[in-house]
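# A structural walkthrough
As a plain string of letters, each chain reads:
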Amino acid sequence: MFLVGLTGGIATGKSSVAAIFHEFGIPVIDADQIARKVVEPGKPAWQKIRKEFGSEMFLDTNELDRTKLGDIIFNDVEKRKKLNAITHPEIYKEIYWQTFKYFLQGHQFIVMDLPLLFETRYMLNYLHKIIVVTCEEDLQLQRLMERSGFSEAKAKLRIAAQMSLERKAEMANFVIENSGNVHDTREQTIRIINVLKASKYHWKLRFLVGLCCTVLLAGVYWLRSRKIWSLPTIV
C-alpha cells in the first residue's frame, strides 16, 4: 500500500476532491476530522490546551471554542506554535493508527487529506505522490468569507498563515485547478485516480514487507531451534 497526500489552501476545495476519492472506494484519512476528535472534552490535548490557554477558550459545554482560539493563534505566531505542539502529536498518532488498519485491509493506496502538509513537513517522506488543490486567489477569499462568515481582513489573515498556493503547486505531482465548475474538478480527479490505480508501486512495498516478515520469522525459528538443541539431555 502506498500513501497519497492531498493538500492545498484553506477554502480551495480539498473536501470536494476527497469526496470523489470516497466515491471510488478509496480510503481518505482526514486530518481536520482527526484534529477535532483529539480536542474533545477530556482528551489529553483538550486538557493541555485548557492549561496553556485558559478556561476562557472553552464553551459552556466544555467544548473548545475554535473560533475564539483561532482568532488568537492567527494573530500570534508563538501561540500558534504552542497549539501545534500540543495537538500535532495526537493527530499524527491517530493518522498512523488509521494507516496501519487500512494496510491490514489490503488497499492498493490511501489518500491523506493534510491541509498543512508542506507547512509541517511531517509526512513528506512517507508519501509516494502529492496532489495539490488550488484555485484563483480572489475565489479562495470569496469562498472562505462565505463559508465561515469572516470579514475580508480576517479571511486574508487565515490565508496568509499558510504557504502560498503557487509554492505548493510547484512541489506537487498532480495539481487540481478548482476554479471552474464541479464537472471540471471531477474530471481532473478521476484522471488522477486512474493514474494511481495503474501504478504497480504497491507490489514493491508488499514484497519488501513480505521479505521483512520472512526474515523475522526465520530469525525466530532459528532462535527457537538453537534453544531446543542447547537444552540438556535427560537420561
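Quick note: structure is the one above.
Below, the structure is looked at part by part. Predicted, not measured: the structure shown is a model, and the values here were computed from it. (Residues numbered from 1 in each chain as written. Predicted model: local features only at pLDDT ≥ 70, side-chain atom pairs only at ≥ 80, totals over all residues. Heavy atoms only, no water.)

Another point: the sheet that holds strand 4 (residues 129-134). In spatial order, the strands read 2-3-1-4-5; together these five strands make up an open sheet with parallel pairing. If you trace the sheet from one side to the other, it starts and ends with strand 2 (28-30) and strand 5 (174-177), each paired once. Within the sheet, the average angular offset between the axes of one strand and its neighbour, ignoring direction, is 20 degrees. Bridge count between strand 2 and strand 3 (residues 109-113): three bridges; the pairing is parallel. In the sheet register, Ile29 faces strand 3, and the bridge partner there is Met112. Lying on the sheet, helix 10 (residues 182-198) is in contact with strand 1 (2-8), strand 3, strand 4 and strand 5; it crosses strand 5 at an angle near 160 degrees. (Pairing = 2+ DSSP bridges. Helix = DSSP H or I, 4+ residues; strand = E, 2+ residues; numbered from the N terminus. Axes fitted to C-alpha atoms, helices over the stretch in contact; angles between N-to-C directions. Contact = heavy atoms within 4.5 Å.)

Once that is clear, we can look at unusual backbone geometry. Trans peptide bonds make up most of the peptide bonds, and negative phi angles are found at most residues other than glycine. For Asn62, which is not glycine, the phi torsion reads 75 degrees and is therefore positive. Among the secondary structure elements, Asn62 is positioned in the loop between helix 3 (44-53) and helix 4 (66-73).

Turning next to the nonpolar core. Core analysis: the biggest nonpolar cluster contains 34 residues, and Ile49, Leu69, Ile95, Met112 and Leu117 have the highest contact counts within it. Taken together, the elements giving at least two residues each to this core come down to helix 2 (31-38), helix 3, helix 4, helix 5 (77-104), strand 3, helix 6 (117-120) and strand 4. A per-element tally of this core places helix 5 first, with five residues. Here Leu69 is in contact with Ile49, Phe53, Met57, Leu64 and Leu83, once residues within four sequence places are set aside. Among the nonpolar cores identified, the runner-up in size contains 18 residues, and Ala18, Ile26, Ile192 and Leu196 belong to it. (Core = buried A, V, L, I, M, F, W, Y, C linked by side-chain atoms within 4.5 Å. Buried < 20%, exposed > 50% of the residue type's maximum accessible area, 1.4 Å probe, protein only.)

Right, let's talk about the packing of aromatic side chains for a bit. Summed over all chains, the structure comprises six aromatic pairs. Between Phe2 and Phe109 the ring centres are 5.2 Å apart and the planes differ by 15 degrees, which places this aromatic pair in the stacked class. Of this pair, Phe2 sits in strand 1 while Phe109 sits in strand 3, and the two are 107 residues apart along the sequence. The pair formed by Phe2 and Phe109 is uniform in burial state, with each residue classed as buried. Judged by centre distance (6.4 Å) and plane angle (40 degrees), the rings of Tyr92 and Tyr96 are tilted. With a gap of four residues between them, Tyr92 and Tyr96 both fall in helix 5, about one helical turn apart. Owing to a relative accessible area of 10%, Tyr92 belongs among the buried residues under this scheme. Put simply, the rings of Phe2, Phe109 and Tyr201 touch in pairs and so form one group of aromatic residues. The aromatic ring of Phe58 is capped on one face by Arg50, whose charged end is 4.8 Å from the ring centroid. (Phe/Tyr/Trp six-rings, centres within 6.5 Å; stacked < 30°, edge-to-face > 60°. Lys NZ or Arg CZ within 6 Å of the ring centre and 35° of its normal.)

Inspection of the secondary structure puts Phe58 in the loop between helix 3 and helix 4. The spatial distance from the C-alpha of Phe58 to the C-alpha of Pro41 is 9.6 Å, given a sequence separation of 17 residues. The residues contacting Phe58, other than those within four sequence positions of it, are Trp46, Ile49, Arg50, Glu63, Leu64 and Asp65.

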